Amino acid sequence: MSAAPPALDWSTENCTVGRTMTILGERWTFVVLREVFNGVRRFDDVRRHTGIPRQVLSSRLALLVEQDVLRREPYQDPGERVRHEYRLTAKGFDLYPVLVAIAEWGDRYLADPEGPPVEFTHRDCGSTVRSVLECGKGHRVERPREVVTRPGPGARPFAVSAAG
């Protein structure tokens, strides 16, 4: 018999992955973020470019603003009413490596035979940008099996309920 995984000893009640996915886990969220990262910041432009239904886009943008991932900036075209465009906050910019990692995975497993439709490149040298795992001492982690989890400072013991 194999031993139970150590992760079963720790509660998932305050899991930051779960909390993050309540914000980012909906199907259209990273599509919206991709657009804003690419400079498409106005509601109608995002909707037209992605095909996201109006109500879904409105809901996604509201959540991202509420969570301080995006901020609303007013603008007004001549003769039109004041509208808003969406800009990344510092919290939003911190998601860029996640977008690159998602794109890399998609490029590897889901791209058309011709290759990926977009490449991320370093503005200064033009070389392709990749996501990299690195430990706090600067060692590059090449394989996922080189990483292990351990309880962090906010870990709480898993309490088995009477029903469980």
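So, here's what we can say about the structure.

About the criteria used
Residues numbered from 1 in each chain as written. Predicted model: local features only at pLDDT ≥ 70, side-chain atom pairs only at ≥ 80, totals over all residues. Heavy atoms only, no water. Phe/Tyr/Trp six-rings, centres within 6.5 Å; stacked < 30°, edge-to-face > 60°. Helix = DSSP H or I, 4+ residues; strand = E, 2+ residues; numbered from the N terminus. Buried < 20%, exposed > 50% of the residue type's maximum accessible area, 1.4 Å probe, protein only. Lys NZ or Arg CZ within 6 Å of the ring centre and 35° of its normal.

## Quick look at the packing of aromatic side chains
Enumeration according to the criterion identifies four aromatic pairs in this entry. On the numbers, 4.7 Å between centres and 65° between planes, the contact of Phe 37 with Tyr 96 is edge-to-face. With Phe 37 in helix 2 (residues 29-37) and Tyr 96 in helix 6 (residues 96-109), this pair connects stretches of sequence that are 59 residues apart. The class of Phe 37 is buried, set by a relative accessible area of 16%. Taking 5.3 Å as the distance between ring centres and 50° as the angle between the ring planes, the aromatic pair formed by Trp 105 and Tyr 109 counts as tilted. Of this pair, Trp 105 and Tyr 109 both sit in helix 6, four residues apart, which is roughly one turn of the helix. For Tyr 109, a relative accessible area of 52% gives the class exposed. Here the aromatic residues Phe 37, Phe 93, Tyr 96 and Phe 120 are joined through ring pairs into a cluster of three or more. The residue whose ring lies beneath Arg 42 is Tyr 75, and the NZ or CZ to ring-centre distance is 3.6 Å.

All quantities given are derived from atomic positions and should not be read as evidence of function.
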